Amino acid sequence: MTSDDIAIEAEAPQEPTTPTFADLGLEGAVLRALDDVGYETPSAIQAATIPTLLEGRDVVGLAQTGTGKTAAFALPILARLDTSDRSPQALVLAPTRELALQVCEAFEKYAAHLPDLHILPVYGGQGYGVQLSALRRGVHIVVGTPGRVIDHLDKGTLDLSGLKYLVLDEADEMLKMGFAEDVETILADTPEEKQVALFSATMPAAIRRMSEQYLTDPEQITVKTKTQTSANITQRVLVVAHARKVDALTRILEVEDFGGVIIFVRTKNATEELAEKLRARGYEAAAINGDIAQVQRERTVEQLKSGKLDILVATDVAARGLDVERITHVVNYDIPTDPEPYVHRIGRTGRAGRTGDAISFVTPRERGLLARIEKTTKQRMTPMDLPSVDEINESRLSRFDDRISAALEQAERISGFRDIIAHYVRHHDVPETDVAAALAVVAQGDSPLLMEPEPEPAPRERGRDRFDRDDRGRDRFDRDDRGGRDRSDRQPRAGMAMYRLDVGKRHRVMPGQIVGALANEGGLARDDFGAIRIQADFSLVELPANLPKDVFDRLADTRISGRLIDLRLDTGGRPRRQYDDRRGGGRGYDRDRGSDRGHGGGRGYDRDRGSGGGRGYDDRGHGSDAGDGRKPRKPRHGKS
Ligand code: AMP
């Protein structure tokens, strides 16, 4: 890079100066598409990158997944594309087919109002036929993994002579995966006159070298923020796959003791969708976003203040400045693209000197974003587990008890029914507990009181690490994280053994780092790797049994996330929190209510309270105020 690189510091977007997408120089069809997808304001990387790219300058963007970098490069390309020319004008290189497909999807979303625009994903594993016929018909944008792009170049089926825009997405990942040479070959095979944008989460020397060699006077864009969070807010994080977020949220709402909750999502559309899903599950939730009229917004906020409403699903813009004391929880259903809004969001709780809880959902791919937020706020979020079935059932039983206690307090109405029940007991010779149980069935309706234990994971699902084969036939690990619990008990395959490394989830290790370190420093080949399981404090890696001593010697000083990995044969110590260990008592809610209650008939109704931990049933004061403005749980929450 040259000496006139500019580091742009995107400061806290103050309300009046937050740019709009139009302010960045976008117009027409692209703006309409952004409105459709429901983005309200540009993320920091977008605000800094879009005008620079529109100007025609090369860009080196230090940005991770989740920051909105895809739109940062896709929007300026779409804004300038000549749709009448059906030869490839833009090429995006991505390290994996998964990312290539995501980028394609994003392009298609943003190009929804650009008629007759053709975007082609090009990756290994897919037959050449589809790609060849699409290329023959003509495409405007190609998004591909380096290996397959080279294959097409070699075959002469991809013509990049008219290329105007080249994007290297997740450049550091591409290098880590051994694509350096391929990327350079492609770069060399494109016209001299083109705009190059390189995005990378980190800036190792190899990336710096690459930008110096192949980019022309690039502007380096680093999004830095200065932020501070308040100490009275407890910050927790749940790693959860996107598809499980609704389930995770409802589980959390079942076990958390909340007053008012604000749930943040990224788009206007998502506010409505999620509020609707919550209402369908029995929660009183409303959406607020920038499209909702001010009067309506104020009315909704009033309802939240007065307790008529407990849950607000909001975008950043809509919740700006919201000051409601009874908000006990902020849930970042979608983690924000930048640390700045994170700080604004969680500041909606812990008002007026109270304590508050912030819970952030992070998908496995967004871990980098989490690290960035933590680095900026200089605060670690505490990893949390998805509330288990046992915890949920315990909570439902507590609420059920609360409902009984609350009904018993209505002395007059109780006495009106007492004679009716006594009459029934006498005439039908049925124990009172059975009559009470029958009435509970009536009160409960069709929905079961307790959640069923989760089925055993299918064998294929057990080892959650799955291989993702890239287009060069190499295997790459990718974890399908399901809320941070490990359910794997897979034995090593024949000829393989399990090895242990002293680095785990707590150190934010990713499978790719483990493969990279062991392959690069230990001299292992990619084919040597089997399953990788990342536990809280350590990881297990399946490698060939009887690894030679020199592999251990070479790895003696190897560090991942700053920690010595201390690779050794795993001697069988099972992960501390095995799923199976936690299943005890899942179904049999045997609670010893004690004989002094004098329930006749010897019908023991026992719930085993040993498995949930922490929430003592007996010492929960029924109907008591939990303090901090939190109401005792209301029966209407959830479907219990
Ligand atoms: P990326 O970092 O490009 O993978 O984007 C992460 C996520 O943020 C994607 O789900 C995008 O749809 C979303 N996103 C990107 N830009 C914005 C924005 N300006 N407002 C709201 N969501 C956005």
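Preceding this section is the structure that the text describes.
Rules behind the numbers
- Residues numbered from 1 in each chain as written.
- Predicted model: local features only at pLDDT ≥ 70, side-chain atom pairs only at ≥ 80, totals over all residues.
- Heavy atoms only, no water.
- Helix = DSSP H or I, 4+ residues; strand = E, 2+ residues; numbered from the N terminus.
- Buried < 20%, exposed > 50% of the residue type's maximum accessible area, 1.4 Å probe, protein only.
- Contact = heavy atoms within 4.5 Å.
- Areas by Shrake-Rupley, 256 points an atom, 1.4 Å probe, with all protein chains shown as cover.
- Core = buried A, V, L, I, M, F, W, Y, C linked by side-chain atoms within 4.5 Å.
- Near = heavy atom within 4 Å.
- Polar contact = N/O pair within 3.5 Å; in protein donor to acceptor, adjacent residues only side chain to side chain.
- Nonpolar A, V, L, I, M, F, W, Y, C, P; charged D, E, K, R; others polar.
- Pairing = 2+ DSSP bridges.
- Axes fitted to C-alpha atoms, helices over the stretch in contact; angles between N-to-C directions.
- Parallel < 35°, antiparallel > 145°, perpendicular 65-115°, else oblique.
- Left-handed = near helix turned anticlockwise from the far one by under 90°.
- Phe/Tyr/Trp six-rings, centres within 6.5 Å; stacked < 30°, edge-to-face > 60°.
- Lys NZ or Arg CZ within 6 Å of the ring centre and 35° of its normal.

Caption draft 1: Region of interest: the overall build of the chain. When helices and strands are counted, the chain shows 21 helices and 22 strands. The burial tally for the chain puts 52% of its 640 residues in the buried class. Within the chain, contacts between residues at least 6 apart in sequence are counted, and of these 77% link residues at least 24 apart. Entry remark: accessible area of the chain is about 29100 Å², with carbon and sulfur atoms responsible for 49%.

Caption draft 2: View of the nonpolar core. Judged by nonpolar contacts, the single largest core of 44 residues is most densely connected at Phe73, Leu75, Leu78, Phe107, Ile141 and Val143. Taken together, the elements giving at least two residues each to this core come down to α1 (28-37), α2 (44-55), α3 (69-80), β2 (90-93), α4 (97-110), β4 (141-144), β5 (165-168) and β6 (195-200). Apart from the residues within four sequence positions on either side, Leu75 is in contact with Phe21, Leu26, Val30, Leu34, Ile50 and Tyr110. Counting 32 residues, the second largest nonpolar core, distinct from the first, contains Ile150, Leu166, Met177 and Val183.

Caption draft 3: Focus on the site of the ligand. Close to the ligand lie 15 residues, the nearest being Tyr39, Gln46, Gly66, Gly68 and Thr70. Between the ligand and Lys69, the relevant distance is 3.3 Å, taken from an oxygen atom to a main-chain nitrogen or oxygen of the residue. For the ligand, an oxygen atom lies 2.9 Å from a polar atom in the side chain of Arg266. Residues of the shell around the ligand, tallied by class, amount to 3 nonpolar, 9 polar and 3 charged.

Caption draft 4: Structural view of the sheet that holds strand β11 (residues 311-314). On the basis of which strands lie adjacent, the open sheet formed by 7 strands has the order β10-β11-β9-β12-β13-β8-β14 and parallel pairing. Lying at the two open borders of the sheet, with one neighbouring strand each, are β10 (285-288) and β14 (382-383). Here strand β8 (residues 233-239) pairs with strand β13 (residues 356-362) via 7 bridges, running parallel. Bridging across to β13, Ile233 finds its partner in Gly356. Most of the contacts of helix α10 (residues 245-255) go to β13, to which it runs at about 160°, and overall it touches β8, β9 (260-264), β11, β12 (327-332) and β13. Contacts between helix α11 (residues 268-280) and the sheet are confined to β9, β10 and β11, with β10 contributing the most and set at about 175° to the helix.

Caption draft 5: Summary view of the environment of Gln303. Inspection of the secondary structure puts Gln303 in helix α12 (residues 294-306). Apart from residues lying up to four places away in sequence, Gln303 is in contact with Lys308 and Leu309.

Caption draft 6: Inspection of the packing of helix α5 (residues 128-137) against helix α6 (residues 146-155) at higher detail. Relative to each other, α5 and α6 sit at 60°, their axes nearing to 12 Å. Classified by the interaxial angle, the pair formed by α5 and α6 is oblique. In the packing of α5 onto α6, the handedness of the crossing is right-handed. Here α5 contributes Tyr128, Gln131, Leu132 and Leu135 to the contact with α6, which in turn contributes Arg148, Asp151, His152 and Lys155.

Caption draft 7: Quick look at the packing of aromatic side chains. For the structure on display, the rule yields 5 aromatic pairs. Centre to centre, the rings of Tyr333 and Phe361 are 5.8 Å apart; their planes meet at 45°, and the pair counts as tilted. Here Tyr333, found in the loop between β12 and α14 (339-346), pairs with Phe361, found in strand β13; they are 28 residues apart in sequence, far enough to count as distant. We note that Tyr333, like Phe361, is buried. Of the aromatic side chains, those joined through ring pairs into one cluster are Phe73, Phe107 and Phe199. Positioned over the ring face of Tyr128 is Arg148, at 3.9 Å from the centre of the ring. The positively charged end of Lys245 is found above the aromatic ring belonging to Tyr333, 5.4 Å away from the centroid.

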